[in-house]
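Close look at the chain arrangement
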Number of protein chains: 2
Amino acid sequence: MKKELHFGRAEFDQRLASVKKEMAKRGIDILLLSEPANQNYLTGFDAYSFYTPQVVMVVLERDEPIWIGRLVDRVSAVMTTYLADDNIRAYPDRYVASAELSAYDFMGDIVKEVGGERAKIGVEMGSLYYSARAHADLVKALPLAEIVDADLLVNWIRMVMSPAEVSIMRQAGRITDAMMQRAIDTVEAGVRECDVAAAIYSQQMSGTPEFGGTYSCSPHFLCIGERAIAPHAPWTDAPLAASTVVNLELFGVRHRYQVNLARSISVGKPAPAYQKLSGIVVEALDVALENVRPGRTCEEVHAVFSQTLARHGYEKETRLGYPIGIGFPPSLQLRTASLRKGDKTVLQPGMCFHMMSGLWYEDTGITITQSFAVTESGHESLTSIPRKLFVK
Amino acid sequence: MKKELHFGRAEFDQRLASVKKEMAKRGIDILLLSEPANQNYLTGFDAYSFYTPQVVMVVLERDEPIWIGRLVDRVSAVMTTYLADDNIRAYPDRYVASAELSAYDFMGDIVKEVGGERAKIGVEMGSLYYSARAHADLVKALPLAEIVDADLLVNWIRMVMSPAEVSIMRQAGRITDAMMQRAIDTVEAGVRECDVAAAIYSQQMSGTPEFGGTYSCSPHFLCIGERAIAPHAPWTDAPLAASTVVNLELFGVRHRYQVNLARSISVGKPAPAYQKLSGIVVEALDVALENVRPGRTCEEVHAVFSQTLARHGYEKETRLGYPIGIGFPPSLQLRTASLRKGDKTVLQPGMCFHMMSGLWYEDTGITITQSFAVTESGHESLTSIPRKLFVK
């Protein structure tokens with residue numbers, strides 16, 4: 001069976017070594033990773049199977065991690081990870097959606113098999129794929145173990161990307177650009193909102209002539225007219241009005257690496273106040289981007305943005321941005337740093353962020369944003385669509 | 001602001017009454033619902049906001065539920081629910097992805113405000129949107145309350161759909177049919193897998209000329225060639241071979257109601273053994289569908305299918321099907337009944353299932369399936385694409 005790996009073994013080894021180093025520092029013997037992005041980062045695993053119980057287990061004293069998941073997904077582990085067959089373990093289908101059986105008993109038995117019955121075991125308490133039930137079942141399956149919270153241990157490590165990862169981010173950015181251009185081309189009065197969505201999704205999957213795209217961590221956001229102030233609203237099948245605002249947030253993905261991009265499009269001539277607001281957002285965004293460089297903190301970048309807004313009499317309630325990278329549904333969120341007041345995370349080359357400079361007020365919303373990688377000397381934009389209000 | 005509700009108030013009232021009846025039976029004073037589909041069912045709420053903490057709180061002694069979520073999503077609650085403004089409560093953005101603050105403290109305060117400090121509170125322990133951390137934080141915020149597992153309480157109730165819901169399922173089925181037809185039209189040797197995906201997604205969103213579609217609970221599954229045996233594998237950007245198998249599982253959605261459908265397409269003349277296997281699957285599927293009617297149990301329907309397979313020397317490891325209905329990413333799973341051995345759930349009119357008759361063996365996979373509603377006298381197919389192996 002052909003292996004489908006996007007990184008060399010040396011890169012996977014280095015990732016694992018970084019994680020083990022942190023485990024050793026915290027005295028953790030075994031790490032049970034529930035977050036699909038962390039599983040992908042350490043093993044390459046890529047299938048849409050994580051909504052049933054699935055973990056990647058890192059044992060400090062073993063060479064390779066162990067993937068444990070559902071039987072029908074075993075073949076995906078064989079195809080997409082570098083793991084030896086012995087380190088791919090699957091539970092039978094009777095464990096799926098069962099009121100009697102818990103897959104965490106099956107996992108607990110494997111923990112015991114590798115000598116972990118009394119180990120210090122790290123789990124990801126804040127992962128959406130580690131439910132309250134999962135935790136209760138695991139604690140019951142391993143009564144002698146010491147179970148500790150190791151949430152975000154891997155997230156902080158994978159937040160700093162390798163050159164090979166950043167080059168995949170660039171590919172994702174090219175797809176995102178193509179999607180936004182297609183959206184700008186499609187938007188016009190009379191076109192149904194759902195048909196704008198159709199054009200965007202079609203481009204997302206086709207990607208570019210050289211490489212294709214894949215599904216994103218969340219649906220795209222098309223917030224139109226009255227819903228321009230609702231950033232996560234679904235689109236409708238109503239036709240676009242002759243004069244309206246279309247706020248788009250789109251996500252291009254390559255090999256599970258996602259690059260985000262938002263733009264506002266005015267159908268018809270924009271109101272002068274809205275036009276003026278777009279200029280203020282772009283000014284603040286440009287200044288904040290110029291201030292990105294290694295050594296700066298997240299809150300310093302945020303401060304530059306919010307001071308620029310404040311000079312024009314505006315404020316932004318939501319955080320200014322978040323890291324991007326590997327992601328799976330329902331959300332790209334790394335849950336580590338945020339570009340906001342109080343966040344003292346120091347920027348390093350290889351970190352990637354979406355500067356989410358969207359503004360939502362009582363009566364209007366505008367979204368002109370930029371994803372970027374931190375470089376040795378500043379930043380590199382991951383998309384090239386101009387930062388401006390588009391008018392159709 | 002215009003309300004966007006797809007059901008009348010009487011229907012919401014009836015749903016709430018059913019839930020309260022079950023709460024009373026179990027002595028539960030307050031129910032905290034984390035599962036987005038349950039939130040939608042009881043209030044109409046529809047936005048992609050549930051990846052940050054969000055609950056719908058049902059208080060036995062209050063008329064309306066209370067929605068609690070993130071400030072930027074408040075406007076979506078105003079637009080998509082019938083709730084009075086007082087019953088829409090939002091926490092500020094500083095609670096999002098914070099290491100210091102927990103939104104469950106904010107929620108706990110509202111529980112106290114409605115007199116629930118010492119109440120018996122039901123939570124959804126198995127929901128993917130109720131993490132181990134969420135549970136720990138809630139328990140800490142409400143030390144005097146008795147917190148009990150009420151997982152699936154609402155799921156079992158909403159599994160039996162009203163006529164208004166089934167009619168939306170029919171619309172979703174029409175979108176699913178259009179998507180599968182578009183896929184069949186697009187598949188041919190030389191077309192990139194990602195371009196087949198593009199055509200499917202485009203049709204999903206465009207829906208039909210009368211009504212549009214929206215995002216599904218999971219990506220579509222295009223399992224092609226060597227990956228025909230990996231049901232949840234991602235597609236690639238490789239061109240289709242001159243002779244290959246394309247297994248598609250597609251999901252059409254209308255107003256968050258989803259209808260699933262899988263078909264196998266043979267590019268080039270199928271191998272005689274594969275053709276024969278397709279006949280066996282269709283025979284077993286047809287016989288199982290004929291046996292669907294109110295009063296039958298899930299395991300009885302399963303038995304008919306597996307006996308038919310067994311007569312031809314085949315076995316199916318995975319369960320034969322699961323309920324469908326309202327869903328949000330990452331998965332439609334209701335986690336209630338399954339069409340499998342041992343499941344004694346009695347079929348009732350208004351229940352909808354995806355009979356997932358896919359077979360995956362060491363060297364081949366075939367997926368020809370049917371979604372249906374249980375009617376007064378039997379079943380109604382929710383899609384109309386013929387049950388057969390397509391050849392291109």
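Residues numbered from 1 in each chain as written. Chains lettered and ligands numbered in written order. Predicted model: local features only at pLDDT ≥ 70, side-chain atom pairs only at ≥ 80, totals over all residues.

1. Quick word on helix α9 (residues 272-290) of chain B
All names here are of chain B. In this model, α9 (19 residues) spans 27 Å end to end at C-alpha, consistent with the 27 Å of a helix rising 1.5 Å per residue. Of the positions making up α9, those classed as buried are Leu277, Ser278, Val281, Ala284 and Ala288. Seen from one end, α9 has its buried residues packed into an arc of 135 degrees, which puts them on one side. Those residues of α9 that are exposed and aimed more than 90 degrees away from the buried face are Pro272, Lys276, Gly279 and Glu290. Where α9 is buried, its residues touch β9 (257-267), α10 (298-311), β11 (352-355), β12 (359-360) and β13 (365-366). (Helix = DSSP H or I, 4+ residues; strand = E, 2+ residues; numbered from the N terminus. Expected span 1.5 Å × (residues − 1). Buried ≥ 20, exposed ≤ 12 C-beta atoms within 10 Å, placed from the backbone. Arc of directions from axis to C-beta. Contact = placed C-beta atoms within 7 Å.)

2. Section: unusual backbone geometry
A cis amide bond links Pro329 of chain A with the next residue in sequence, Pro330 of chain A, at an omega value of 5 degrees. The backbone phi angle of Leu152 of chain B is positive, close to 75 degrees, even though this residue is not glycine. Relative to the assigned elements, Leu152 of chain B resides in the loop between β6 (146-149) and α6 (153-158). By the C-beta count within 10 Å, which is 19 here, Leu152 of chain B ends up partly exposed.

3. Regarding the packing of helix α4 (residues 103-113) of chain A against helix α5 (residues 132-141) of chain A
Residue and element names in this part refer to chain A. Axis separation between α4 and α5 bottoms out at 8 Å; the angle between their running directions is 40 degrees. When the interaxial angle is binned, α4 and α5 end up oblique. The element α4 and its partner α5 pack so that their crossing is right-handed. Here α4 contributes Tyr104, Asp105 and Gly108 to the contact with α5, which in turn contributes Ala134, Asp137, Leu138 and Ala141. Residues that form the contact of α4 with α5 fall into these classes: four nonpolar, one polar and two charged. (Axes fitted to C-alpha atoms, helices over the stretch in contact; angles between N-to-C directions. Parallel < 35°, antiparallel > 145°, perpendicular 65-115°, else oblique. Left-handed = near helix turned anticlockwise from the far one by under 90°. Nonpolar A, V, L, I, M, F, W, Y, C, P; charged D, E, K, R; others polar.)

4. What to know about the domain arrangement of chain A
Residue and element names in this part refer to chain A. The domains assigned to chain A are domain 1 (9-158) and domain 2 (163-391). Between the C-alpha centres of domain 1 and domain 2 the distance comes to 33 Å. Among the elements of the structure, α2 (36-43) and α6 (153-158) are those that each provide at least two residues to the side of domain 1 that touches domain 2. Counting residues per element, the side of domain 1 that touches domain 2 draws most heavily on α2, at four residues. Its residues assigned to classes, the side of domain 1 that touches domain 2 shows seven nonpolar, three polar and three charged. (Domains from an automatic or database assignment.)

5. Focus on the interface of chain A and chain B
If you look at the interface, chain A gives 64 residues, while chain B gives 64 residues. Of all the secondary-structure elements, those providing two or more residues to the side of chain A that touches chain B are α3 (74-80), α5 and α8 (193-206) of chain A. In terms of residues, the side of chain A that touches chain B owes the most to one element, α8 of chain A, which gives eight residues. By residue class, the composition of the side of chain A that touches chain B is 33 nonpolar, 18 polar and 13 charged.

6. Side note on the sheet that holds strand β3 (residues 66-70) of chain A
All names here are of chain A. Taken together, the six strands give an open sheet; going across it, the order is β4-β3-β2-β1-β5-β6, and neighbouring strands pair in mixed fashion. Either end of the sheet is taken by a strand with one partner, and the two such strands are β4 (88-91) and β6 (146-149). Averaged over all adjacent pairs, the angle separating strand axes in this sheet is 25 degrees, with direction ignored. Relative to β6, strand β5 (residues 120-123) runs parallel, the two sharing four bridges. Pairing of Val123 across the sheet is with Asp149, part of β6. (Pairing = 2+ DSSP bridges.)

7. Describing the sheet that holds strand β10 (residues 321-323) of chain B
Residues and elements named next belong to chain B. Spatial ordering of the open sheet is given by β10-β11-β14-β15, a layout of four strands whose pairing is antiparallel. Of all strands in the sheet, those bounded by a partner on one side alone are β10 and β15 (379-381). Neighbour-to-neighbour, the strand axes of this sheet turn through a mean angle of 30 degrees, independent of strand direction.

8. Here we look at the relation of the copies chain A and chain B
If you rotate chain A by 180 degrees and push it 0.0 Å along the axis, it lands on chain B with an RMSD of 0.0 Å. The symmetry that links the two subunits is that of a two-fold axis. The residues that chain A uses at the interface reappear at the interface of chain B in 100% of cases, marking a shared surface. (Least-squares fit on C-alpha atoms with pLDDT ≥ 70 in both.)

9. A short note on α10 of chain B
All names here are of chain B. End to end, α10 covers 20 Å across 14 residues, agreeing with the expected 20 Å (1.5 Å per residue, within 8%). Every buried residue of α10 is listed here: Cys298, Val301, His302, Phe305 and Leu309. End-on view of α10: buried residues confined to an arc of 100 degrees, all on one side of the axis. Relative to its buried face, α10 has exposed residues pointing more than 90 degrees away, namely Gln307, Ala310 and Arg311. Those residues of α10 hidden inside the fold are in contact with α9.

10. Digging into the pairing of strand β8 (residues 244-254) of chain A
Residues and elements named next belong to chain A. A large share of β8 lies buried, amounting to ten of its eleven residues. Pairing geometry for strand β7 (residues 221-224) and β8, over four bridges, is antiparallel. What sits directly across from Phe221, in β8, is Glu249. Looking at chain direction, β8 and strand β9 (residues 257-267) are connected through eleven bridges and run antiparallel. Looking at β9, one finds that Val245 is bridged to Ser266.

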